[in-house]
Amino acid sequence: MTHQRTRCLQALSSPFPEGLPLFPGPGAVDSELQAVLKHSAELLCRWYGDSHQHGPRPHLSLVPGAAPLEQGRPPEALLDDLRTVMAGAFRPNHPGALAHLDPPPLAISVVADLVASGLNNNLLAEELSPSLTRLERQLCRWLADRLGLGSAAGGVPASGGSLSNLMALVCARKQAGLQTRTDAVVLAGAAAHVSFHKALTVMGLPPEALHALPLDQAGRLSPETLRQALLLAQEQGRPVLAVVGVAGSTIQGAIDPLAELGALCREFGVWFHVDAAIGGVCGLSDQHRWRVAGLELADSVCLNPQKLLGISKPSSVLLVRRSEILADTFSTALPYMEDTASPQGGDLGLQGTRGAEVLKLWLGLQHLGLEGIDAVISAALERRQRLLQLLNPLPLRLLPGDLHLLSFCHASLASKAAMAWRDRVHQALLEQHLWLSKPNLNGQPLLKAVLGNPFTGESELQQIAAVLQAS
């Protein structure tokens, strides 16, 4: 054994110079690890508490050296570098953070993330995560049942809505027996998320396989438009892999008429997938379920509790009407794991290794309770309604929407003048520590406010209106 390798092996069993072990070991409680975790938690809590002293969008980002040094560094130095990175991070709990679908995380979700990383269990297989595997499946069944998908439904968490949407289309193709058909198409409204373009690319289908259908004046896909597209596909002999309905478009927050679209899909015998990443949580609420009526007709649903309920990222779930479809689509068998009566976690989707993300979703929903879910959704919708009231008298075009997003533009400007006005107002808002986003829709430059931040109050909404009035 070389001298260098001996030193490496000794380092694995020796603590850092400051006492922190490389790995938390069994036996006694490690006081050094406790101390570092305590200091890290204090650092994070101070960062949350100091947000009001900063803007939501950092003006610059300082990044320490990325490459590791020859010798390991002590915790104090690492925490100093961590402070530097955190100083340049977006602050989702700032009251002026209104740009994107990224609310502050639930406090218990932050705790769950810490515990999940510490457990380091792998939901690839039940032997690696017995309790977490059962918890995950029970929670997915509850979510599916709550949305009305039926007693045979189930699901699997995924690392983001893009992956959930991809897996849904792969399931749809397998169920339709279209794995070898390169002429299959997906029908969706023009507001469908960009992830569907990526999904078809991964699936080996050409860009034109996604038929982006025109929307009505409210930004929704009308049943008659879908019917005509289904009939045209029949006439052309092109198989329809799936129809995609949207429960919350990214720019307007529009919800398609899901009940009518779902009924059409059943009439034509086509898989109905609903991208409910934004609005699907309304289906968990007795008070707001009506907003996504028809979601229960879906064959698959993408649900992202991170978008509004504050489950820390990533938190996405693919739910399917028949749970066995997941294993039927993705199972390859895991010969290096113990045999089990039910499919392993790695056989339920594209991901093999998965961390214990179920903990933050489970604890988050438990902490909120059904009343808390109602309250979070209601408060976001009320903030949108209040901002709408404040902006209504101004010469703005306010886009219709069904959720907690409000997009708008100048009522009379066009082209370069509209872009210049939008950018000027955006900068004026930033100077007031108010961050809205700058989407474009059909060539029209917009400003968009996402009202899911629970710390946004009347003062911030009044400020937005004042800046727009001054413009």
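Residues numbered from 1 in each chain as written. Predicted model: local features only at pLDDT ≥ 70, side-chain atom pairs only at ≥ 80, totals over all residues. Heavy atoms only, no water.

1. Quick look at the packing of helix α6 (residues 161-176) against helix α7 (residues 195-202)
At their nearest, the axes of α6 and α7 sit 9 Å apart, and the two run at 50° to each other. On the basis of the axis angle, α6 is oblique to α7. Both α6 and α7 take part in a crossing whose hand is right-handed. The residues of α7 that touch α6, namely those facing Ser162, Asn165, Leu166 and Leu169, are Ser195, Phe196, Ala199, Leu200 and Val202. By residue class, the composition of the contact of α6 with α7 is six nonpolar, three polar and no charged. (Axes fitted to C-alpha atoms, helices over the stretch in contact; angles between N-to-C directions. Helix = DSSP H or I, 4+ residues; strand = E, 2+ residues; numbered from the N terminus. Parallel < 35°, antiparallel > 145°, perpendicular 65-115°, else oblique. Left-handed = near helix turned anticlockwise from the far one by under 90°. Contact = heavy atoms within 4.5 Å. Nonpolar A, V, L, I, M, F, W, Y, C, P; charged D, E, K, R; others polar.)

2. Quick look at the sheet that holds strand β2 (residues 185-189)
If you walk across this open sheet you meet the seven strands as β1-β7-β6-β5-β4-β2-β3, and the pairing is mixed. Strand pairing shows two members of the sheet lacking a second neighbour, β1 (154-158) and β3 (210-213), which therefore form its edges. Ignoring which end each strand starts from, the neighbouring axes of this sheet average 20° apart. Relative to strand β7 (residues 316-320), strand β6 (residues 300-303) is paired through four bridges, and the arrangement is antiparallel. Its bridge partner being in β7, leucine 303 is matched across the sheet by valine 317. (Pairing = 2+ DSSP bridges.)

3. Concerning the confidence of the model for the protein
Chain-level pLDDT for the protein is 93 on average; 96% of the residues reach the 70-or-more range. Of the regions scoring below 50 in pLDDT, residues 1-17 engages in 12 contacts with residues more than four places distant in sequence or in other chains. (pLDDT = per-residue confidence, 0-100.)

4. Comments concerning helix α3 (residues 75-87)
Given 3.6 residues per turn, any residue in an α-helix points the same way as the ones three and four places further on. With 13 residues, α3 ought to run about 18 Å at 1.5 Å a step, and its terminal C-alpha atoms sit 18 Å apart, in line with that. Those residues of α3 that fall on the buried side of the exposure criterion are Pro75, Ala77, Leu79 and Met86. Looking at the packing, one finds that the buried side of α3 touches α2 (31-49). (Expected span 1.5 Å × (residues − 1). Buried < 20%, exposed > 50% of the residue type's maximum accessible area, 1.4 Å probe, protein only.)

5. Digging into the sheet that holds strand β12 (residues 447-450)
Reading across from one edge, β8-β9-β12 is the order of the three strands in this open sheet, with antiparallel pairing throughout. The open sheet has two edge strands, β8 (396-398) and β12, and neither has a second partner. Shown here is a sheet whose adjacent strand axes are inclined to one another by a mean of 25°, direction ignored. Against the sheet, helix α12 (residues 415-431) contacts β8, β9 (405-410) and β12, and its axis sits at roughly 40° relative to β12.

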